[in-house]
Number of protein chains: 2
Amino acid sequence: MSSVIISTADPNADREDSITVPLLSGLRSVPNSSSQVAIVGVNVCPIESLDYEIFENELFKQDWRSRGKLQIFQYTFMKWLLCFLIGLIVSLVGFCNNLAVENLAGMKFVVTSNMMLESRYGMAFLVFSVSNFVLTLFASIITAFIAPAAAGSGIPEVKAYLNGVDAPGIFTLRTLVVKIVGSISAVSSSLLVGKAGPMVHTGACIASLLGQGGSKKYGLTWGWLRFFKNDRDRRDLVTCGSAAGIAAAFRAPVGGVLFALEEMASWWRSALLWRSFFTTAVVALVLRAFIDLCLSGKCGLFGTGGLIMFDVYSESVSYHLVDVPPVLALGVIGGILGSLYNFLLEKVLRIYSLINERSIGYKICLACSISIFTSCLLFGLPWLASCRPCPADASEACPTIGRSGNYKKFQCPAGYYNDLASLIFNTNDDAIRNLFSKGTDDEFQHSSVLIFFFTCFFLSIFSYGVVAPAGLFVPVIVTGASYGRFVGMLVGPHSNLNHGLYAVLGATSLLGGSMRMTVSLCVIILELTNNLLLLPLIMLVLLVSKTVADAFNGNIYDLIMKAKGFPYLETHAEPYMRQLSVGDVVTGPLQLFHGIEKVGNIVHVLMTTRHNGFPIIDEPPHSECPVLFGIILRAHLVTLLKKKAFLSTPDLTGGSNASKQFLAGDFAKRGSGNDEKIEDIDLSEEEMEMFIDLHPFTNASPYTVVETMSLAKALLLFREVGLRHLLVIPKISSRSPVVGILTRHDFMPEHILSLHPMLVRSRWKRLRFRFPPLSKLF
Amino acid sequence: MSSVIISTADPNADREDSITVPLLSGLRSVPNSSSQVAIVGVNVCPIESLDYEIFENELFKQDWRSRGKLQIFQYTFMKWLLCFLIGLIVSLVGFCNNLAVENLAGMKFVVTSNMMLESRYGMAFLVFSVSNFVLTLFASIITAFIAPAAAGSGIPEVKAYLNGVDAPGIFTLRTLVVKIVGSISAVSSSLLVGKAGPMVHTGACIASLLGQGGSKKYGLTWGWLRFFKNDRDRRDLVTCGSAAGIAAAFRAPVGGVLFALEEMASWWRSALLWRSFFTTAVVALVLRAFIDLCLSGKCGLFGTGGLIMFDVYSESVSYHLVDVPPVLALGVIGGILGSLYNFLLEKVLRIYSLINERSIGYKICLACSISIFTSCLLFGLPWLASCRPCPADASEACPTIGRSGNYKKFQCPAGYYNDLASLIFNTNDDAIRNLFSKGTDDEFQHSSVLIFFFTCFFLSIFSYGVVAPAGLFVPVIVTGASYGRFVGMLVGPHSNLNHGLYAVLGATSLLGGSMRMTVSLCVIILELTNNLLLLPLIMLVLLVSKTVADAFNGNIYDLIMKAKGFPYLETHAEPYMRQLSVGDVVTGPLQLFHGIEKVGNIVHVLMTTRHNGFPIIDEPPHSECPVLFGIILRAHLVTLLKKKAFLSTPDLTGGSNASKQFLAGDFAKRGSGNDEKIEDIDLSEEEMEMFIDLHPFTNASPYTVVETMSLAKALLLFREVGLRHLLVIPKISSRSPVVGILTRHDFMPEHILSLHPMLVRSRWKRLRFRFPPLSKLF
């Protein structure tokens, strides 16, 4: 027993103290340990934790006991119906998104190319750059003015939500609309941004909105949805929604499930696997039906394409031991490039956030200048490449005119094509298709691929942070594919693999180096390219690139999430947490209530603190000695105050009536940001002197830890069970029955290290700083 | 607060009570709540729980603090090295297994077929049945006499192990050898058993043996392995091993990871995903290298075949809305058949266990009679089928002579083939290949496929329970494929899909109906058949068949596990658990120790109970009031007693020395079954009067719950954190500081319902019985 307890002030004393502070002067006077801020989209917003714990109070138990077969059927049926609807709507959105982008961007390129055929180069540039500029401007204006939370990919926000951090505005209808429309126009504007990330956010948003059950304001709600008005069920739906997002973006249903499992979700159960599988199966079936529909040519200019986006199937892929070294090299370089990519992207984001926080005008200017710069590069760079004669045995018309294809004419004479334009003056999807294609080993010059690689690498880094919906998947794939193709061209005839397969492996390596996923990336790549024989090499490349990149920094989404300030709770405990006890990090002052509490006291405490959970204790004469009864939430207290179910005397006899005035539904948790505020409740002087019996509304089964427990073990409990509040009880029972509350914030390394600065210099901390990723390996 | 606490007797009184019982008369006199029995393989053995919790005592903290960079490097390096070795060895075993089976069974069929060509039918039957008989006899003899734990598929045992149930003998070297050799001979003997299940057990076994770090007895151990001598690290290795098993059996590396995740593991972390992915990547690369090697013909008669076992790729699979109804029907029937399969298999296993428990002779007789019966069926049934003329446009020689193929000649004249013999008188892998093949829509008659289906369905049910290693995957695939092919033949020209694809979907539906996996089955089927375009239909079939089957009963492995008596801890709480508090299920008597305890008392308690964890309390004069200090394990007490680090007086001054006599390694957990026993320790009368300071060896951070907490929430903590013991503390602090211990056993529905029989009749229980699978959906 060696733990040194840094004595927290006597909690009871604290309580007396804070209660004597006058009502108004105390606002925000106590340290605010439960409310934090983070960058959501592009704006700084306050964030809260989510309640995943089942709040077992008297009312809940009554409600639970009263649920009959019908209610259970309703709940189960609704759960599957919601998953079905999520799958259906997300696949519709994904399909329309794809169609809109293909037609918008396609039209733009067709018009520009036609002008170039007529040698009206200046006009072509004007049309190209102005249409890009207008599309970017539109995307950034709607994002900045209507829904700033829709900026960026949204994956960090959704990931934080699934970890238990509620950021306001990420799941509103407004965000959803802006995300969809903004993503279409941003991608069509030739900015080097992807649509997979926004699709994940869109899917999560649709799931959350469906789960919220319409709008109470407009009377659009359904009784059957009442079971979903809690964070636990909403979390499951959002997980399914993000799986559906990836499934719709890449037509990769299994990859979507695995992405949600590996990258997004912090809590996973086999039931959830089954439900998200159902959701993505719906996506797959609906997409397949639409593809059937589009094959008959009803989807406009560019609406064709099968279930597999970048098919590189070949009957027999032969590779032998001699092909392993270049593939290994591909993995190593991919890992280095990936971590460099993450590093630069984070730095650029930090610079952008300085610009973005100034005013909306700056944000939009930034987006527009990036657009102009991009247009200049895309139109200007192909002039550097020399024209190449069309190959005699080309599998398609050369040069390609009036449609997307491998051989762009650009400025070249008839019979010639511009290989750099085929890559750069094209949509990203077509560029990837060109890079992945087999039988085109002689199509590209070294210099063109290299120029394309550098352009993509830097443009995608600079484009991500603009105030518009922007994903990272496709930019990383296109960058990686160009680098892989280049390596393939260097290795050349010494290898059995064609250059297209090298491009696939290059894309895999950069994805692995930047996103650090394993199984999900592997399956997504498989579902994108349909080449199962390549699987051993894909696995090898992923292993190597992730290992190499992990030696430098973290996963791109984690870096962004941390830079944005989300308090993400890791599963593993830092080594120094084993040396600290819970008592070492609990900070006061603690706010307690009695089982029967004076209304005035409750109002005062709610007004003067931002705490969300309050321990309830019973003291003599209501019990023989001070006893911890449970914990009550701020939102529930506000509801109680609003309904004014007060007692005139602190007497238990009338207590049983109080709970009858309420239904479990009164305490249902609404969507984020819709909470009622204590400031909106009017109470008379007389009412302030009355009492409330809090017992029926108190969670009587709170999780507790003893103050001497090691912090690492408390974290394990907090994280695995998914808590918002963890009560700390004293070791020696003669003291107050509760000495503090741990929240997410108390487990953050920054918080702990600020309390115990000597740890920063200690060996444990140093070790961690030198080998940052090692602790993750434990 | 309405929970009715069924008052457990005062724990202190209990303790006094049991201490006054004389030493010898009390053996096993107290209820044995921690040691249970279950059927492991075919024998009944005692089982224990595993310790996944980090045991944070003084010694551990010292050891942890003293670990420098070198130790951390050793640990990390060894972890990856072990995973590499697991992958390497499992793929070698899988490859050899495959090769041995192909050559053994292939030779048998070639010899028999040659005799049949010479019309020596009697002789052929004799050779066929005798060789089958000998192989089965060999498999059952080595299993029954050398390692009974190797019988069956082993998946239920490994799954229980990963849930925290330690069954002795499942991971010994003996079991490993018998499993490999027995599986080869059982599969070669034409018994309808698979090799995937045994491969999972083999992989887990190899992982566990590697983690145990050789044998101390023979001096074969390595210092670097000392970090792995605990159940937590061993659990991770076993998970990787089972992933490698599936990867090697089906050449499905991603499917293997997902199988381990979805079906096997009870605790999952992203680090584990990454490590098992590494393991299966090694498997994929090694297998790929061997396949390269075998292409040059060095692997005997039948050692060819690519990375994809049953390739059904086709350039474009076209299906439309019209194909959905038959596919849905396939799913529904597959679900019904799958649940029927599970039901019958469990019943047959119960009957077999009555036979098996009689004597070894009975077991072997049972296996032999199944073998004879199988031989008769396989040889006899093809005579029922009429000979069919060879198709003119056959893609291969017809009839097939001297090798495996689609057109078996059997008894037919030249130019004719026997379609039933092509299926039934063949290895399972070849039968599956025939059923999956495209362009062979006219090959089979309705009656032949139907006969084959019924034969497979019942033979596989009767073959599984014999005393030999036997898997279920391949039998289910072959049965499902025949049923799917039959449906395809019925639908015939009304569908766009060929019969081979129907067979694939049929296999999928029966797998889904029997094993109830989703993502992992989907990926395994994809990796087996390499037809990505079929993915939406595969997902649809899996969804339907699992949903239908879930309405009847549970997953096959769970049924077997429960029938065998493993106390598997589910993640979800039963509804009635919300109505019970922890105090309602805690049963006495509780055994406590003091911080400084008399040796005699410890010996007495260890001799008279089988408990594995004992709370340690400090009482006056060592503390101001009785305080819970922590919990100590039986194994640690035995080690302490063995080292005789005793004090002559109950005095704290000498206490600090005690811990210096020990290293953390002294308390390392050995492999199962190797624990030292209290009975083996000799102590003199004098020593019995001495004292031990237990403080440095006590886990001072035990997880605790208050006795009024609801059982459902306690289960959540117990299950999510992975505990073996959960201490129950009193609500009112004036009582003893601990009122009971919860173990796995206390959360078992059978235990709870036996304590509270009224729950059986209550609505909650009834609801559960009427809709058994519903509770899983929550």
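Residues numbered from 1 in each chain as written. Chains lettered and ligands numbered in written order. Predicted model: local features only at pLDDT ≥ 70, side-chain atom pairs only at ≥ 80, totals over all residues. Heavy atoms only, no water.

- The name an unreviewed UniProt entry gives chain A is Chloride channel protein, with Juglans regia as the organism.
- Within the UniProt record for chain A, the comment given under Subcellular location (unreviewed entry) is "Membrane". (UniProt positions renumbered as here; feature names shortened; annotations may be inferred.)

### A word on a negative patch on the surface
Then, number 1: Taken together, the side chains of Asp-311 and Glu-315 of chain A together with Asp-311 and Glu-315 of chain B present a region of like negative charge at the surface.
Then, number 2: For Asp-311 of chain B, the location among the structural elements is in the loop between helix 10 (270–295) and helix 11 (324–356). (Patch = residues over 30% accessible without salt bridge, like charges linked within 9 Å, V, L, I, M, F, W, Y side chains within 5 Å. Areas by Shrake-Rupley, 256 points an atom, 1.4 Å probe, with all protein chains shown as cover. Salt bridge = Lys/Arg side-chain N within 4 Å of Asp/Glu carboxyl O. Lys, Arg positive; Asp, Glu negative; His and termini not counted. Charge placed at Lys NZ, Arg CZ, Asp CG, Glu CD. Helix = DSSP H or I, 4+ residues; strand = E, 2+ residues; numbered from the N terminus.)

### Some thoughts on the relation of the copies chain B and chain A
Then, number 1: Rotating chain B by 180° about the axis while translating it 0.0 Å along that axis superimposes it on chain A, leaving an RMSD of 0.0 Å. What we have between these two chains is a two-fold relation. (Least-squares fit on C-alpha atoms with pLDDT ≥ 70 in both.)

### Comments concerning the pairing of strand 9 (residues 627–633) of chain B
All names here are of chain B.
Then, number 1: Of all seven residues that make up strand 9, seven are buried, and the element is covered over most of its length.
Then, number 2: One ladder, built from six bridges, connects strand 8 (residues 613–618) with strand 9; its direction is antiparallel. For Ile-616, the partnering residue across the bridge sits in strand 9 and is Gly-630. (Buried < 20%, exposed > 50% of the residue type's maximum accessible area, 1.4 Å probe, protein only. Pairing = 2+ DSSP bridges.)

### A few points about the environment of Leu-723 of chain B
Residue and element names in this part refer to chain B.
Then, number 1: As for its position among the elements, Leu-723 is in the loop between helix 26 (711–721) and strand 12 (726–729).
Then, number 2: With 674 residues separating them along the chain, Leu-723 and Ser-49 place their C-alpha atoms 9.3 Å apart.
Then, number 3: Apart from the residues lying within four places of it in its own chain, the contact partners of Leu-723 are Glu-53, Tyr-703, Leu-717 and Phe-718. (Contact = heavy atoms within 4.5 Å.)

### Considerations on the sheet that holds strand 9 (residues 627–633) of chain A
Residues and elements named next belong to chain A.
Then, number 1: Taken together, the three strands give an open sheet; going across it, the order is 6-8-9, and neighbouring strands pair in mixed fashion. In this open sheet, the two strands that pair with only one neighbour each are strand 6 (593–594) and strand 9.
Then, number 2: Direction of pairing for strand 6 relative to strand 8 (residues 613–618): parallel, over a ladder of two bridges. Looking across to strand 8, one finds that Phe-593 is bridged to Ile-616.
Then, number 3: Across the face of the sheet, helix 22 (residues 634–643) comes into contact with strand 6, strand 8 and strand 9 while running at roughly 80° to strand 9. (Axes fitted to C-alpha atoms, helices over the stretch in contact; angles between N-to-C directions.)

### Observations concerning helix 10 of chain B
Then, number 1: Compared with an ideal rise of 1.5 Å per residue, which puts 26 residues at 38 Å, helix 10 of chain B spans 37 Å between its outermost C-alpha atoms and is within 8% of the ideal.
Then, number 2: Of the residues flanking the end of helix 10 of chain B, it is Gly-297 of chain B, one or two places downstream, whose phi is positive at about 85°. (Expected span 1.5 Å × (residues − 1).)

### Section: the state of the cysteines
Disulfides are covalent bonds that link the sulfur atoms of two cysteine residues.
Residue and element names in this part refer to chain A.
Then, number 1: Applying the stated criterion across every chain yields a total of two disulfides over all chains.
Then, number 2: A sulfur-sulfur separation of 1.9 Å characterises the disulfide bridge that pairs Cys-387 with Cys-412. Since a negative S-S torsion denotes a left-handed disulfide, the Cys-387-Cys-412 link at about -95° is left-handed. Residue Cys-387 is found in the loop between helix 12 (360–380) and strand 4 (388–389), and its partner Cys-412 is found in the loop between strand 4 and strand 5 (416–417); the two are separated by 25 residues along the sequence.
Then, number 3: Given a relative accessible area of 27%, Cys-387 falls into the partly exposed group. (Disulfide = S-S within 2.5 Å.)

### A look at the packing of aromatic side chains
Then, number 1: Under the counting rule described, the total for this entry stands at 57 aromatic pairs over all chains.
Then, number 2: Note on Trp-383 of chain B and Phe-410 of chain B: the rings are 5.5 Å apart at their centroids and 65° apart in plane angle, and the pair reads as edge-to-face. In this pair, Trp-383 of chain B is assigned in the loop between helix 12 (360–380) and strand 4 (388–389) and Phe-410 of chain B in the loop between strand 4 and strand 5 (416–417), connecting sequence segments 27 residues apart.
Then, number 3: Owing to a relative accessible area of 37%, Trp-383 of chain B belongs among the partly exposed residues under this scheme.
Then, number 4: Exposure remark for Phe-410 of chain B: the relative accessible area of 6% places this residue in the buried category.
Then, number 5: Between Arg-288 of chain A and the ring centre of Tyr-319 of chain B, over which it is positioned, the NZ or CZ distance is 4.1 Å. (Phe/Tyr/Trp six-rings, centres within 6.5 Å; stacked < 30°, edge-to-face > 60°. Lys NZ or Arg CZ within 6 Å of the ring centre and 35° of its normal.)

### Focus: the pattern of salt bridges
Then, number 1: Within the structure shown, the criterion is met by 40 salt bridges over all chains.
Then, number 2: Across the salt bridge formed by Arg-516 of chain A and Asp-550 of chain A, the nearest N and O atoms sit 3.1 Å from each other. Remark: Asp-550 of chain A occurs in helix 19 (residues 535–550) and Arg-516 of chain A occurs in the loop between helix 17 (499–515) and helix 18 (519–529); sequence separation between them is 34 residues.
Then, number 3: For the salt bridge of Lys-598 of chain B with Glu-689 of chain B, the shortest nitrogen-to-oxygen distance reads 3.5 Å. Taken together, the positions of Lys-598 of chain B in strand 7 (residues 596–598) and Glu-689 of chain B in the loop between helix 25 (685–688) and strand 10 (691–693) put the pair 91 residues apart, joining distant regions of the chain.
Then, number 4: You can call Lys-598 of chain B partly exposed: its relative accessible area is 28%.
Then, number 5: Residue Glu-689 of chain B is classed as partly exposed on the basis of its relative accessible area, which comes to 48%.
Then, number 6: Overlapping salt bridges, with partners in common, bring together Glu-48, Asp-51 and Arg-724 of chain A in one network.

### Some details on the sheet that holds strand 1 (residues 36–40) of chain A
Picture the strands of a sheet paired through backbone hydrogen bonds; they go either parallel or antiparallel.
All names here are of chain A.
Then, number 1: The strand order across the open sheet built from three strands is 1-2-3, with neighbouring strands paired in antiparallel fashion. If you trace the sheet from one side to the other, it starts and ends with strand 1 and strand 3 (165–166), each paired once.
Then, number 2: Bridge count for strand 2 (residues 43–49) against strand 3 is two bridges, and the pairing is antiparallel. Residue pairing in the sheet places Ser-49 in a bridge with Val-165 of strand 3.

### Things to note about unusual backbone geometry
With glycine set apart, most residues show a phi of negative sign, and most peptide bonds adopt trans.
Residue and element names in this part refer to chain B.
Then, number 1: Backbone geometry places Arg-251, a non-glycine residue, at a positive phi of 50°.
Then, number 2: If you trace the backbone, Arg-251 turns up in the loop between helix 8 (231–250) and helix 9 (253–264).
Then, number 3: Unlike most non-glycine residues, Phe-410 shows phi in positive territory, near 50°.

### So, helix 5 (residues 155–163) of chain A
Every α-helix winds through 3.6 residues per turn, so residues three or four apart in the chain are directed the same way.
Residue and element names in this part refer to chain A.
Then, number 1: When you tally the buried positions in helix 5, you get nine out of nine residues, the bulk of the element.
Then, number 2: Within helix 5, the full set of buried residues consists of Ile-155, Pro-156, Glu-157, Val-158, Lys-159, Ala-160, Tyr-161, Leu-162 and Asn-163.
Then, number 3: Immediately beyond the C-terminal end of helix 5, within one or two residues, lies Gly-164, with a positive phi of roughly 110°.

### Notes on the UniProt feature "transmembrane region" (unreviewed entry) in chain A
All names here are of chain A.
Then, number 1: Residues annotated by UniProt as "transmembrane region" (unreviewed entry) correspond here to residues 77–101, 121–147, 267–287, 327–344, 364–385, 449–479, 500–526 and 532–552.
Then, number 2: Between the C-alpha atoms that bound residues 327–344 the distance is 25 Å, and the span itself is 100% helix and 0% strand.
Then, number 3: Within the segment residues 500–526, helix and strand shares are 89% and 0% respectively, and the terminal C-alpha atoms sit 14 Å apart.

### Remarks on the side chain of Glu-263 of chain B
All names here are of chain B.
Then, number 1: With respect to the helices and strands, the residue Glu-263 is situated in helix 9.
Then, number 2: Within the structure, Glu-263 has its side chain in polar contact with the side chain of Lys-159 (distance 2.9 Å).
Then, number 3: In this structure the side chain of Glu-263 is engaged in a polar contact, spanning 3.0 Å, whose partner is the side chain of Asn-555. (Polar contact = N/O pair within 3.5 Å; in protein donor to acceptor, adjacent residues only side chain to side chain.)

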